[in-house]
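Each chain, written out:
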Amino acid sequence: NPLLDHQRFAILADRRLVGVDLEGDDQTVPRQVDFTQIDMLIEKLVGAVVAFADAPNLAQAARVSAMGLFRNSGQVCVAGSRLLVQRDIHDEFVQAVVQVAQQLRVGHPLSVDTDIGAISSARQLERVKAMLARAEQQGAQRLCGGASLEPVPGGFYMQPTVVAGVTADMDI
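Residues numbered from 1 in each chain as written. Predicted model: local features only at pLDDT ≥ 70, side-chain atom pairs only at ≥ 80, totals over all residues. Heavy atoms only, no water.

Participant: What am I meant to see in the overall build of the protein chain here?
Facilitator: Across its full length, the protein chain holds four helices and six strands. For the protein chain, the succession of helices and strands along the chain, N to C, is α-β-α-β-α-α-β-β-β-β. Taking all 172 residues of the protein chain together, 28% fall into the buried category. Of all intrachain contacts in the protein chain linking residues separated by at least 6 positions in sequence, the fraction that spans at least 24 positions is 54%. A total of about 11200 Å² of accessible surface is found on the protein chain, and carbon and sulfur atoms cover 51% of it. (Helix = DSSP H or I, 4+ residues; strand = E, 2+ residues; numbered from the N terminus. Buried < 20%, exposed > 50% of the residue type's maximum accessible area, 1.4 Å probe, protein only. Contact = heavy atoms within 4.5 Å. Areas by Shrake-Rupley, 256 points an atom, 1.4 Å probe, with all protein chains shown as cover.)

This is the structure:
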């Protein structure tokens, strides 16, 4: 459906977009998409995980997305920093991500029973907590997580956190 394809890839025409990495075969992006407005087509979409309504299994897509966001406590270069969800599936998809986040086990990073390890330092933990507080002051809604934890003495831990209602002008 060319109309659906055009709507699905409309973000590529946004002048604020610096770059994007589209992976797959030559059918990944329809031919009618105009790339002339994009400065670079080599970087990931600023750390975003993007979810579309035509995902064949939304629950699985939510699990995979959540792990992309929370892997290595979000402290790895390939970690997603935001989740962009098509309106048609927003509420259902975000709730599924929240459920995954609430089930993740925080603990010693070398334990086989751990899904999420420590944050790198006390300073980084305070930075993350301050960013979360500022986001809430700016109108974002914390859907889950955000509390400091101490599952292992001496480590710096935080519950996996999902924040919604974030806009481009917010600090988070």
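Participant: What's the story with the nonpolar core in this structure? I'm lost.
Facilitator: Here is a general trend for soluble globular proteins: nonpolar side chains tend to be buried in one another's company. With 20 residues, the main nonpolar core has F70, V85, I89, F93, V97 and V162 as its most contacted residues. Contributing elements (two or more residues each) for this core: α2 (58-70) and α3 (90-103). Considering each element in turn, this core owes the most residues, seven residues, to α3. (Core = buried A, V, L, I, M, F, W, Y, C linked by side-chain atoms within 4.5 Å.)

Participant: Just checking my understanding: could you explain the confidence of the model for the protein chain for this structure?
Facilitator: If pLDDT is low for a region, its predicted coordinates should not be looked at in detail. In this model, the protein chain carries an average pLDDT of 77, and 67% of its residues clear a pLDDT of 70 or more. Looking at the elements of the protein chain, mean pLDDT is at its lowest for helix α1 (residues 2-8), recorded as 51, and at its highest for strand β3 (residues 141-144), recorded as 97. For residues 35-46, every residue scores under 50 in pLDDT, and the model assigns this stretch 31 contacts once sequence neighbours within four places are set aside. (pLDDT = per-residue confidence, 0-100.)

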